[in-house]
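# Observations on chain architecture
What follows is each chain in one-letter form.
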Amino acid sequence: MTLKPARSYLAGFLVLPAVAVVVLAMIVPLGYALVMSLFDFGPGQESSGVFVGLRNYVAFFHDRVALGSLGITLIFTVAALTLELGIGIGMAVLLSGLPARLSKLLRAIYSMPLLVSPIIVGLIWRYLYDPTFGLVYQWLRAFGLEHRFGGLSEPGSALFSIIVADVWQTTPFILLVITSGLATVPHEVYESAKMDGAGFWRTMIRITLPMIGRVILLVTLIRGTDAFRVFDIIYALTGGGPANSTMSLSIYAFKQGFQQYEMGYAMAISLLTMLVLVILFAPLVRKSTYMERS
Amino acid sequence: MNRMTTKTARTGVKGLILVAFALWTVIPILMVVLTSFKKQKDIFTVPVKWLFVPTLDNYGKAFANGDFGAYFLNSAVVAAVSSLLSVGLGALCAYGLTAFGIRSAGLLTNFFMLGKLVPAVTMLLPLFVMIHAAGLLGTYVGPVLAHTAVNLPFVVWLAISFLKDVPPELEQAAQIDGCSKMQAFWRIVMPVILPGLTAAFILSMQYSWNELVFSLQLTNMDTYTLPVGISRFVGSVSVDWGKSSAAATMTMMPIIVIGFFIQKYLAEGTTGGAVKG
């Protein structure tokens, strides 16, 4: 289809402001970071930066904390995503069998954590995990388990404690999206499965899950990228400690930049973070756009 | 008979799971709200006190020194301005991309989707340097620009999905009646997609209202938003749980209440219209 010139000008005029904002606040900074990651400089001292070539990138692979944070970020992403998908899909299936009104009411209740600022989620869970008066410890004490669990203050349990808080906040997102996905499966499909004598699990694995495959892919993409970029909830709960046991890549880059004043190194870390993210999720993005079209 | 009992047992287990999940969701939020109304001595009790004489002291403390009031105002300004910009520019952009049958439209949509693959910190570090160099650190410009840029891709994506639901005959009829393309947009298309755009606006507000990373470094004492303010309440050596809880309650309640009304759009909005609520 060819356009009259006047029309294509109008289209460009409509699209341009939005593109300009994204270019100005996202693309230009990315390009700038790419250049400045080759320099050594502190915040506000970019003009007196020293050119160091690729040394900031090489440093990453010799930095134990940095490599550790890559591992922690991967563990966090896989663990959080698995738990959230499992619980979210399970609850969505459970809700789909209920009368519409009841399921709508429950969904409204379940989606509350989704709307709470991550910094407040951090506040809430720090309160719950408090070793003396926190609810978690009061319940553990009832079972005599209070010494078995270190909560946020021990390296062995801090990451797990953060994952629990993250599951609390973001499982509702998966639940909501999967619920809308389930609503698109035609009723006749279930009826014919029933007629063929297929049980619950068989119907689930052979029919339901494949039919909402596109939606599962989509939530995996959205939640997976969010989890890999995790910052807020860790910042609010532990700040990366104790003993760097909850140091995610984003937290480490932030700390290097604004607390160690190594802006060049921080940019190198954050760009490597993005690179890993793209390598991990680009195939999913391509697959989901492909599925969108077909 | 045996079948009946298994069926009842199954319903019982289902009910139990549903109630347990509701408690798991609600108790943490309830704890903060209750704590905000507790006197200092009732906050640190073992076991937790569920019944107590309520007080508004903590709310008074949160407002003392003008702290909370100022944060609230800053958040309101940043959220309102950035959301208006995202929805305004986003709706026009979406119309430009869909209504003219442009070839590269698919490519541009993908370009917007890439926003999901940029970590906030990757964007923040250079943005901080640039905004500092421009002398705009500590003004509303930083957080407004960052929030708008993050929200725009998702608003455009969402608006495109709403535009697809507008029957093309409506627009064609308007143009036969002598409307220009833009007149058709304002008079015919806009009213149809307005409910969707309202939801997009609220979701943008919600992101901006709750956002931490950008505001943390791009604002200063005069422009701290609510999440930054709360992080400062919490970050200090000893946490004042009463004051923090009051601030947290006042910050999250407006969004939770609004959330109830836009239930339908939550799933659709957060996936950019890829699923229907």
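Because the structure is predicted, anything quoted here is derived from the model rather than measured.

### As for the interface of chain A and chain B
Facing 96 residues of chain A, the contacting portion of chain B comprises 90 residues. The tally of links from chain A across to chain B stands at zero salt bridges. For the pair chain A and chain B, the number of links is nine residue pairs in polar contact (both at pLDDT 80 or more). Among the residues making up the side of chain A that touches chain B, the classes are represented as 72 nonpolar, 14 polar and 10 charged.

### Re the domain arrangement of chain B
All names here are of chain B. Domain boundaries in chain B define domain 1 (2-43) and domain 2 (57-270). Listed as interface residues are nine residues of domain 1 and, on the opposing side, 13 residues of domain 2. Both sides together, the interface formed by domain 1 and domain 2 hides about 730 Å², and carbon and sulfur atoms give 65% of it. Across the contact surface, domain 1 and domain 2 share three residue pairs in polar contact (both at pLDDT 80 or more). Elements with a contribution of two residues or more to the side of domain 1 that touches domain 2: α1 (2-36) and α2 (40-43). Considering every element that reaches the side of domain 1 that touches domain 2, the biggest residue donor is α1, with five residues. Taken together, the residues that form the side of domain 1 that touches domain 2 break down as five nonpolar, three polar and one charged.

### Description of the nonpolar core
Core analysis: the largest hydrophobic core is formed by 170 residues, its most contacted members being W125 and I178 of chain A. In terms of residues, this core owes the most to one element, helix α7 (residues 155-183) of chain A, which gives 13 residues. Both domains that meet at this core, namely domain 1 (2-43) and domain 2 (57-270) of chain B, each give it at least three residues. When residues no more than four places from it in sequence are discounted, the contact partners of W125 of chain A are V164, A165, W168 and L237 of chain A together with W24 and P28 of chain B. Counting 10 residues, the second-largest nonpolar core is a separate cluster that includes M91, L106 and Y110 of chain A together with A22 of chain B.

### Let's talk about the pattern of salt bridges
Any two side chains of opposite charge can pair, on the condition that their charged atoms come close. Considering all chains together, one arrives at six salt bridges over all chains under this definition. R223 of chain A is paired through a salt bridge with D166 of chain A; the nearest N and O atoms lie 2.9 Å apart. Of this pair, R223 of chain A sits in helix α10 (residues 213-228) while D166 of chain A sits in helix α7, and the two are 57 residues apart along the sequence. Given a relative accessible area of 6%, D166 of chain A falls into the buried group. Here D42 of chain B and K49 of chain B are joined by a salt bridge, their closest N and O atoms 2.9 Å apart. Relative accessible area serves as the criterion here: at 33%, K49 of chain B is assigned to the partly exposed category. Put simply, E84, D166 and R223 of chain A are held in one network by salt bridges that share partners.

Thresholds, definitions, all that
Residues numbered from 1 in each chain as written. Chains lettered and ligands numbered in written order. Predicted model: local features only at pLDDT ≥ 70, side-chain atom pairs only at ≥ 80, totals over all residues. Heavy atoms only, no water. Contact = heavy atoms within 4.5 Å. Salt bridge = Lys/Arg side-chain N within 4 Å of Asp/Glu carboxyl O. Polar contact = N/O pair within 3.5 Å; in protein donor to acceptor, adjacent residues only side chain to side chain. Nonpolar A, V, L, I, M, F, W, Y, C, P; charged D, E, K, R; others polar. Domains from an automatic or database assignment. Buried area = accessible area lost by both parts, 1.4 Å probe. Helix = DSSP H or I, 4+ residues; strand = E, 2+ residues; numbered from the N terminus. Core = buried A, V, L, I, M, F, W, Y, C linked by side-chain atoms within 4.5 Å. Buried < 20%, exposed > 50% of the residue type's maximum accessible area, 1.4 Å probe, protein only.

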